Amino acid sequence: MRRFVSSMFSFRFFPRVLLFVVTRWEEERSTDGSKWRFLEHKGPVFAPPYEPLPGKVKFYYDGKPMKLSAPAEEVATFFAKMLDHEYTTKDIFRKNFFKDWRKEMTSEEKSTITDLNKCNFSEMSEYFKAQSEARKQMSKEEKQVDLQENERLLQEYGFCIMDNHKERIGNFRIEPPGLFRGRGDHPKMGMLKRRIRPEDIIINCSKDSKHPKPPPGTKWKEVRHDNKVTWLASWTENIQGSIKYIMLNPSSRIKGEKDWQKYETARRLKKCVDRIRSQYRDDWKSKEMRIRQRAVALYFIDKLALRAGNEKEEGETADTVGCCSLRVEHIKLYPKMDEQEYVVEFDFLGKDSIRYYNKIPVEKRVFKNLQLFLENKQPEDDLFDRLNTSILNKHLQELMDGLTAKVFRTYNASITLQQQLKELSSDDSVPAKILSYNRANRAVAILCNHQRAPPKTFEKSMQNLQTKIDEKQNQLSAARKQLKAAKADHKASHDEKSKKAVEVKRKAVQRIEEQLMKLQVQATDREENKQIALGTSKLNYLDPRISVAWCKKYGVPIEKIYNKTQREKFAWAIDMAEKDYEF
DNA sequence: ACTAAGACTTGGAAAAAATGCA
DNA sequence: TGCATTTTTTCCAAGTCTTAGT
């Protein structure tokens with residue numbers, strides 16, 4: 001298998017002559033941990049420099065116009081651009097912004113501007129709105145110029161050479177300065193994200209490559225040649241002090257292989273999941289508290305597809321949790337609820353401050369254990385006080401090579417898709433099959449709690465669709481009447497012409513029925529999808545070979561399931577999977 | 001064993017582009 | 001053809017997990 005895939009990638013991405021060499025290399029690579037032999041690129045594209053506002057666009061403090069120094073003005077424009085956003089009404093956002101803004105001010109500005117509430121950014125805000133309006137109104141030719149410039153930049157900076165092949169870079173533009181927008185109740189929202197200069201950038205490339213040149217008059221922070229990592233450039237961001245990277249696009253060999261590997265690990269879990277499950281069920285009875293906690297946590301991770309839940313530094317980020325970091329306040333126990341026994345109610349904020357709310361009946365043993373874990377604890381205490389992700393993953397590693405908590409999410413997502421597709425797929429029309437596929441995808445998204453805010457125009461969009469359906473229904477009954485009439489006509493005359501007319505009308509009815517069905521399917525799909533986000537599971541959790549096989553088996557064109565970008569990302573799977581592929 | 005740093009995957013929102021419709 | 005709607009792409013934040021350092 002290893003050989004096959006290596007050569008598959010080689011075949012796609014390398015000239016034939018290199019096939020042997022590369023295959024051999026790929027097998028070597030896994031042992032010494034190097035990710036490439038040759039890497040050449042042009043370095044990142046920097047954010048355009050700040051353009052001062054025209055003199056007529058004024059900032060007012062306490063009702064009086066005030067000319068700001070360029071650095072203070074730039075930061076003010078960041079705020080002005082967000083004026084319509086809810087963020088700017090939040091206390092923490094305003095406080096953080098004001099504090100960082102003041103750091104950019106001259107000493108005079110600092111002494112004058114002491115209260116954000118006395119600042120009037122509205123002219124700035126209007127100016128930017130007018131600008132973006134003007135951009136929309138640009139002629140085709142003017143837009144073309146912009147597009148061409150973009151394309152030029154992409155061609156020059158958007159690709160690199162990695163091991164003899166030209167690869168697309170994921171994010172070759174450096175993030176522009178602006179105000180940090182965290183998600184949820186983030187304590188750092190509104191802080192100034194500073195401008196990144198060449199002096200902040202570490203370049204990674206191979207020694208024997210043409211090194212990227214920093215912009216004239218500047219220097220890189222460092223140029224290194226580390227082939228144990230996949231990134232091309234990095235810098236340290238000033239809000240959390242974390243490192244940001246420029247890496248390759250998902251269509252690249254290096255990402256594709258890793259992705260494939262991830263699903264292979266999940267398939268290995270499939271082989272031993274029964275053993276692991278009976279093991280943790282046994283562990284519910286352990287004499288040791290830490291083992292019981294580990295076993296209950298693993299049960300949640302497996303059954304509910306919860307994330308691992310690393311510890312987070314308090315006050316640095318929004319207060320969110322995963323399985324191991326659940327607190328007493330996040331669960332409620334109900335010995336009896338409605339018709340069910342031993343119900344656990346989960347209510348907590350997970351990744352990106354997305355709420356997880358679920359009520360599930362659990363085994364009696366799990367319930368009793370939870371009661372035990374809760375004893376003598378305060379709401380803000382850890383539910384699993386003897387457990388963290390490191391302990392859990394160490395245990396998982398012993399159960400299966402390469403097993404970590406997140407593999408359960410991948411495994412359960414993919415196996416759910418496969419099962420759902422088996423249950424739902426019929427020999428319906430293509431649109432009906434696609435509805436089935438989306439429903440299977442939706443089951444996974446629900447399992448993984450991938451939610452979205454309902455689109456702002458959702459209601460209207462549903463109404464529009466309903467109107468179309470009504471119209472189509474009217475068309476259909478009209479067409480049916482005509483068919484009936486044509487039949488009657490044919491019965492009376494029995495001639496060729498009337499027979500043809502019947503056929504024509506029959507066809508028309510059939511066509512309209514199809515169109516109506518398509519619309520109805522679309523409406524169902526959209527309604528069911530109101531608060532569900534399918535993208536993440538499709539892109540990150542579902543073994544693409546399951547989808548490819550399903551398409552082949554049911555004669556659905558792959559384009560109906562994956563758009564161009566997705567087909568590029570999953571090229572390996574599209575080439576690899578046959579209709580009988582089993583996850 | 002523990003912590004911090006580092007590397008990489010996963011995540012929804014927003015912007016941009018494509019498509020549909022009058 | 002111009003506008004509205006839908007789909008795709010971009011953006012960059014926020015997780016997971018590994019590695020390095022002590």
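On a predicted model such as this, the values are computed, not experimentally measured, just so you know.

Novice: Would you take a moment to explain the overall build of chain A for this structure?
Specialist: Within chain A, the secondary structure is distributed over 19 helices and 15 strands. Taken along the three principal axes of its C-alpha coordinates, chain A extends 95 × 75 × 65 Å. The burial tally for chain A puts 43% of its 583 residues in the buried class. Once local pairs closer than 6 in sequence are excluded, the contacts in chain A between residues at least 24 apart make up 67%. Carbon and sulfur atoms make up 50% of the accessible area of chain A, which totals about 32300 Å². Computing the positive centroid from 112 side-chain charges and the negative centroid from 86, chain A places the two 3 Å apart.

Novice: Where do I start with the domain arrangement of chain A in this structure?
Specialist: By domain assignment, chain A separates into domain 1 (39-47 + 141-249), domain 2 (59-137), domain 3 (254-402) and domain 4 (414-576). One C-alpha centre belongs to domain 1, the other to domain 3; they are set 37 Å apart. Between domain 1 and domain 3, the contact holds 12 residues from the first and 8 residues from the second. Both sides together, the interface formed by domain 1 and domain 3 hides about 830 Å², and carbon and sulfur atoms give 59% of it. Counting across the interface, domain 1 meets domain 3 through 3 residue pairs in polar contact (both at pLDDT 80 or more). Partitioned by chemical class, the residues of the side of domain 1 that touches domain 3 number 4 nonpolar, 5 polar and 3 charged.

Novice: Hey, could you run me through the pairing of strand 15 (residues 355-361) in this one?
Specialist: Relative to strand 15, strand 14 (residues 340-349) runs antiparallel, the two sharing 7 bridges. Bridge pairing in strand 15 links Leu 349 to Arg 355. Where strand 14 folds back on strand 15, the antiparallel hairpin that results is connected by 5 residues, among which Asp 352 adopts a positive phi of roughly 60°.

Novice: Hey, could you run me through the protein's contact with DNA strand B in this one?
Specialist: Taken together, 27 residues sit near DNA strand B, with Lys 255, Lys 262, Lys 351, Thr 536 and Tyr 541 positioned nearest. For DNA strand B, the fraction of atoms within 4 Å of the protein that belong to sugar or phosphate moieties is 83%. Here Lys 468 contributes a side-chain N or O atom positioned 2.8 Å from a phosphate oxygen of DNA strand B. Separating a phosphate oxygen of DNA strand B from a side-chain N or O atom of Thr 536 is a distance of 2.8 Å. Contributing elements (two or more residues each) for the surface near DNA strand B: strand 12 (243-246), helix 8 (253-283), helix 12 (405-424) and helix 16 (535-540). The dominant element in the surface near DNA strand B, judged by the number of residues it contributes, is helix 8, at 3 residues. Grouping the amino acids of the surface near DNA strand B by side-chain chemistry returns 9 nonpolar, 6 polar and 12 charged.

Novice: Even after reading the chapter, I still don't get the sheet that holds strand 12, so can you show me in this structure?
Specialist: Two pairing modes exist for strands in a sheet, parallel and antiparallel, and in both the strands are linked by backbone hydrogen bonds. Spatial ordering of the open sheet is given by 10-9-11-12, a layout of 4 strands whose pairing is mixed. Of all the strands in the sheet, the pair left with one neighbour each is strand 10 (222-224) and strand 12. The mean inter-strand angle of the sheet, taken between neighbouring strand axes irrespective of direction, is 20°. Direction of pairing for strand 9 (residues 202-204) relative to strand 11 (residues 233-236): antiparallel, over a ladder of 2 bridges. Pairing of Ile 203 across the sheet is with Ala 233, part of strand 11.

Novice: For this particular structure, what's the right way to read the nonpolar core?
Specialist: Note that soluble globular proteins tend to have their nonpolar side chains buried in a common cluster. Residues Leu 269, Ile 276, Phe 300, Leu 306, Phe 346, Leu 370 and Phe 384 are the most contacted members of the largest nonpolar core, which totals 76 residues. In this structure, this core is formed jointly by two domains, domain 3 (254-402) and domain 4 (414-576), each of which donates at least three residues. The contact partners of Phe 300, leaving out residues within four places of it in the chain, are Ala 305, Leu 306, Cys 323, Phe 346, Val 366, Leu 370 and Phe 384. In this structure, Phe 98, Met 105, Ile 113 and Leu 116 belong to the second largest nonpolar core, which totals 28 residues.

Novice: Would you take a moment to explain the UniProt feature "active site" (unreviewed entry) in chain A for this structure?
Specialist: UniProt records the feature "active site" (unreviewed entry) at Tyr 541, using the numbering of this structure. Considering the arrangement of structural elements, one finds Tyr 541 in the loop between helix 16 and helix 17 (544-554). Since its relative accessible area comes to 15%, Tyr 541 is described here as buried. Setting aside chain neighbours within four positions, we find Tyr 541 in contact with Tyr 263, Arg 409, Thr 410, Ala 413, Ser 414, His 450 and Thr 536. Within the local environment of Tyr 541, its side chain forms a polar contact with the side chain of Arg 409, the two groups lying 2.9 Å apart.

Novice: Can you help me understand the protein's contact with DNA strand C in this one?
Specialist: DNA strand C sits among 29 residues. The nearest are Arg 183, Lys 244, Gly 309, Lys 406 and Thr 565. Here DNA strand C approaches the protein such that, of its atoms within 4 Å, sugar and phosphate make up 90%. Note that a phosphate oxygen of DNA strand C is positioned 2.5 Å from one of the side-chain N or O atoms of Lys 244. Between Asn 310 and DNA strand C, the recorded distance is 3.0 Å, taken from a side-chain N or O atom to a phosphate oxygen. Of the residues that constitute the surface near DNA strand C, the class distribution is 4 nonpolar, 12 polar and 13 charged.

Novice: Could you clarify how one ought to interpret the sheet that holds strand 1 (residues 39-40) in this entry?
Specialist: What the 3 strands build is an open sheet, ordered 1-5-6; its pairing is antiparallel. Single-partner strands in this sheet number two, and they are strand 1 and strand 6 (165-168). Note: strand 5 (residues 159-162) against strand 6, 4 bridges, orientation antiparallel. Counted as the bridge partner of Ile 161 is Lys 166 from strand 6.

Novice: Please clarify how the packing of helix 12 against helix 17 should be interpreted in this entry.
Specialist: The geometry of helix 12 relative to helix 17 is characterised by a closest axis approach of 9 Å and an angle of 15° between their N-to-C directions. Here helix 12 lies roughly parallel to helix 17, going by the angle between them. As for how helix 12 packs across helix 17, the hand of that crossing is right-handed. Taken together, the residues of helix 17 that come into contact with helix 12 (itself represented by Ser 414, Leu 417, Gln 418 and Leu 421) are Ile 546, Ser 547 and Trp 550. Taken together, the residues of the contact of helix 12 with helix 17 break down into 4 nonpolar, 3 polar and no charged.

Novice: Would you take a moment to explain the pairing of strand 12 for this structure?
Specialist: Taken residue by residue, a regular strand's side chains alternate between the two faces of the sheet. Sheet topology note: the strand 11/strand 12 ladder contains 4 bridges and is antiparallel. Each bridged residue has a counterpart across the sheet, and for Ala 233 the counterpart in strand 12 is Ile 246. Linking strand 11 back to strand 12 in an antiparallel pair, the connection comprises 6 residues, with Gly 241 at a positive phi of about 75°.

Rules behind the numbers
Residues numbered from 1 in each chain as written. Chains lettered and ligands numbered in written order. Predicted model: local features only at pLDDT ≥ 70, side-chain atom pairs only at ≥ 80, totals over all residues. Heavy atoms only, no water. Helix = DSSP H or I, 4+ residues; strand = E, 2+ residues; numbered from the N terminus. Buried < 20%, exposed > 50% of the residue type's maximum accessible area, 1.4 Å probe, protein only. Contact = heavy atoms within 4.5 Å. Areas by Shrake-Rupley, 256 points an atom, 1.4 Å probe, with all protein chains shown as cover. Lys, Arg positive; Asp, Glu negative; His and termini not counted. Charge placed at Lys NZ, Arg CZ, Asp CG, Glu CD. Domains from an automatic or database assignment. Buried area = accessible area lost by both parts, 1.4 Å probe. Polar contact = N/O pair within 3.5 Å; in protein donor to acceptor, adjacent residues only side chain to side chain. Nonpolar A, V, L, I, M, F, W, Y, C, P; charged D, E, K, R; others polar. Pairing = 2+ DSSP bridges. Near = heavy atom within 4 Å. Axes fitted to C-alpha atoms, helices over the stretch in contact; angles between N-to-C directions. Core = buried A, V, L, I, M, F, W, Y, C linked by side-chain atoms within 4.5 Å. UniProt positions renumbered as here; feature names shortened; annotations may be inferred. Parallel < 35°, antiparallel > 145°, perpendicular 65-115°, else oblique. Left-handed = near helix turned anticlockwise from the far one by under 90°.

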